[in-house]
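Structural overview for review
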Amino acid sequence: MSANDLTTELNKLTEEFKSAIGRADEAATERLNNAIAEVEGKMRSLQAEANRPTGDANDDAEVKSYREYLRTRDIKSMSVGSATDGGVTVPKIIHSQIQAYLRDNSAMRQIASVVSTSTPDYNFPVQTTGSTAEWTGETATRNTTGTPTIVNVKPPVGELVARALITQTLIEDSAYDLQSFLVNDLGESFNAATGTAFVTGDGTNQPKGLLSYPTAAVTDKAGTRPYGTFQHIASGTSAALGDAEKLMDLTMAVKPGYRAKGKFVMTRATLNFYRKLKDNNGQFIWQPSLQAGVPSTLLGYPVYEDENMGEAGTAGALAVAFGDFEAGYVIVDRVSMSTMVDPYSFDPFIAIKARARVGGAAKDTSAIKFLKLAAS
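Predicted, not measured: the structure shown is a model, and the values here were computed from it. (Residues numbered from 1 in each chain as written. Predicted model: local features only at pLDDT ≥ 70, side-chain atom pairs only at ≥ 80, totals over all residues. Heavy atoms only, no water.)

Observations regarding the overall build of the protein chain
Each helix and strand in the protein chain was counted, giving eleven helices and 15 strands. Among the 376 residues that make up the protein chain, the fraction classed as buried is 43%. Excluding contacts between residues fewer than 6 apart, the proportion of contacts in the protein chain whose partners are at least 24 apart in sequence is 74%. When the accessible surface of the protein chain is summed, it comes to about 18,800 Å², and 49% of that surface belongs to carbon and sulfur atoms. (Helix = DSSP H or I, 4+ residues; strand = E, 2+ residues; numbered from the N terminus. Buried < 20%, exposed > 50% of the residue type's maximum accessible area, 1.4 Å probe, protein only. Contact = heavy atoms within 4.5 Å. Areas by Shrake-Rupley, 256 points an atom, 1.4 Å probe, with all protein chains shown as cover.)

Structure, rendered in structure tokens:
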């Protein structure tokens, strides 16, 4: 289906969904919820496909050479120099396509800050407290006032590897587009692993994820929540999501400067719950996207799906994150992805290998807030 067809279908499903809620038809509501999520997924996939290299007349010589390899299925054409070197570099087209796949499919890579560094000692300074000042009289004693506190943060970096095995017979005989197969297989592996680490990683040989940091029900205004601790808003019920007002409380807990770039992150099941809620004026707080690649909104803010977030049924889970993720979390690409083919080690398979060194850590822990499934 085209982007226009998907948009039309989404509009139709949205109207049916609202009608089902109005007549309290739970079966239809659930069915339409799933249908809407499926269409939105197709829209994201369509956008991802549009962003990938297509192999048209503008491809450079290296890309054309690799496409010719795929047509001829000549394994020897992948050998350069000595036949005993154990592997050769795969043309950069696979590398660039996997990177494009990660950007399109990883929610955190879309919304967080991403930096590339040439040193394993990458760190950045964070100001945790500001200067202080005091009022005084014309001839009164001038006291020494406080100065800013700055700490260095060093994101933990880990090595990520993936390997796809393909038989020589498949390469020789299949008419399937092996390049797309490799891109999807390796891209899905890297996307799943990094996406999980950016949210739940423990920081040991991998990024430290957002949910690995402590939280407290202490506001920014109180000024007593230490750096490295996020603020949470209680849902009001243990193990259950709150109503629309709790979601509003979450957005308003974020400072205006961060709220202007605010985004929601939650699982599909959580989003399905909030799709059914209305504000005090009887308006749905969820609005569908009318453009491929553009997220739907809750309370006017973009919402991104990430299945690594907590959800209803688990007491104390952090089910919703909201805030400025670019200011709040940094992804560090220490070593760019490299890809190679190994035709020897896994005979009768040919192994397509990929590796990268990736890190991540919280930057400003006042930029993002969480909805915690708790009574208080």
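Structural notes on helix H1 (residues 3-22)
One turn of an α-helix holds 3.6 residues; hence residues three or four places apart share an orientation. With 20 residues, H1 extends 29 Å between its outermost C-alpha atoms, agreeing within 8% with the 28 Å of an ideal straight helix rising 1.5 Å per residue. Listing the buried residues of H1 in full gives Leu-6, Thr-7, Leu-10, Leu-13, Thr-14, Phe-17 and Ala-20. When H1 is viewed along its axis, its buried side chains cluster within an angular range of 145° and face the same direction. Opposite its buried face, H1 presents the exposed residues Asn-4, Thr-8, Glu-15 and Gly-22, each directed more than 90 degrees away. The positive-phi residue at the C-terminal boundary of H1 is Ala-24, with phi of around 60°. (Expected span 1.5 Å × (residues − 1). Arc of directions from axis to C-beta.)

Considering helix H8 (residues 244-252)
Along H8, the residues classified as buried are Ala-244, Leu-247, Leu-250 and Thr-251. In a view along the axis of H8, the buried residues occupy a sector of 110°, so they form one face of it. Looking at where H8 begins, the residue whose side-chain oxygen comes 3.1 Å from the main-chain nitrogen of Glu-245 is Asp-243. (Polar contact = N/O pair within 3.5 Å; in protein donor to acceptor, adjacent residues only side chain to side chain.)

With respect to the pattern of salt bridges
For the coordinates displayed, the defined rule picks out five salt bridges. Between Asp-25 and Arg-23 there is a salt bridge, and its shortest N-O distance comes to 3.7 Å. Among the salt bridges present, the one from Asp-220 reaches Lys-369, with a minimum N-O distance of 2.8 Å. Remark: Lys-369 occurs in strand S15 (residues 368-372) and Asp-220 occurs in the loop between strand S6 (215-216) and strand S7 (230-234); sequence separation between them is 149 residues. (Salt bridge = Lys/Arg side-chain N within 4 Å of Asp/Glu carboxyl O.)

With respect to the nonpolar core
In this structure, Met-108, Phe-264, Tyr-274, Leu-298 and Val-320 are the most contacted members of the largest nonpolar core, which totals 79 residues. In terms of residues, this core owes the most to one element, strand S14 (residues 349-362), which gives seven residues. Residues contacting Tyr-274, with those up to four places away along its chain left out, are Leu-241, Gly-242, Asp-243, Leu-247, Met-266, Ile-285, Trp-286, Leu-298, Val-320 and Leu-371. (Core = buried A, V, L, I, M, F, W, Y, C linked by side-chain atoms within 4.5 Å.)

Brief notes about the sheet that holds strand S8 (residues 263-266)
Ordered in space as S6-S7-S15-S12-S8-S11-S10-S9, the eight strands form an open sheet in which the pairing is mixed. Each having just a single partner strand, S6 and strand S9 (286-287) make up the two edges of the open sheet. Where S7 lies against S15, four bridges are found, and the strand directions are parallel. Residue pairing for S15: Gln-231 is matched across the bridge by Lys-369. (Pairing = 2+ DSSP bridges.)

Quick notes on the packing of aromatic side chains
A full pass over the atoms with the stated rule returns ten aromatic pairs. Centre to centre, the rings of Phe-264 and Tyr-301 are 6.3 Å apart; their planes meet at 80°, and the pair counts as edge-to-face. Of the two residues, Phe-264 sits in strand S8 while Tyr-301 sits in strand S11 (residues 301-305), which places them 37 residues apart along the sequence. The ring of Tyr-213 carries Lys-208 above its face, with NZ or CZ at 4.4 Å from the centroid. Across the ring face of Trp-286, the terminal group of Arg-275 is positioned such that the distance to the ring centre comes to 4.9 Å. (Phe/Tyr/Trp six-rings, centres within 6.5 Å; stacked < 30°, edge-to-face > 60°. Lys NZ or Arg CZ within 6 Å of the ring centre and 35° of its normal.)

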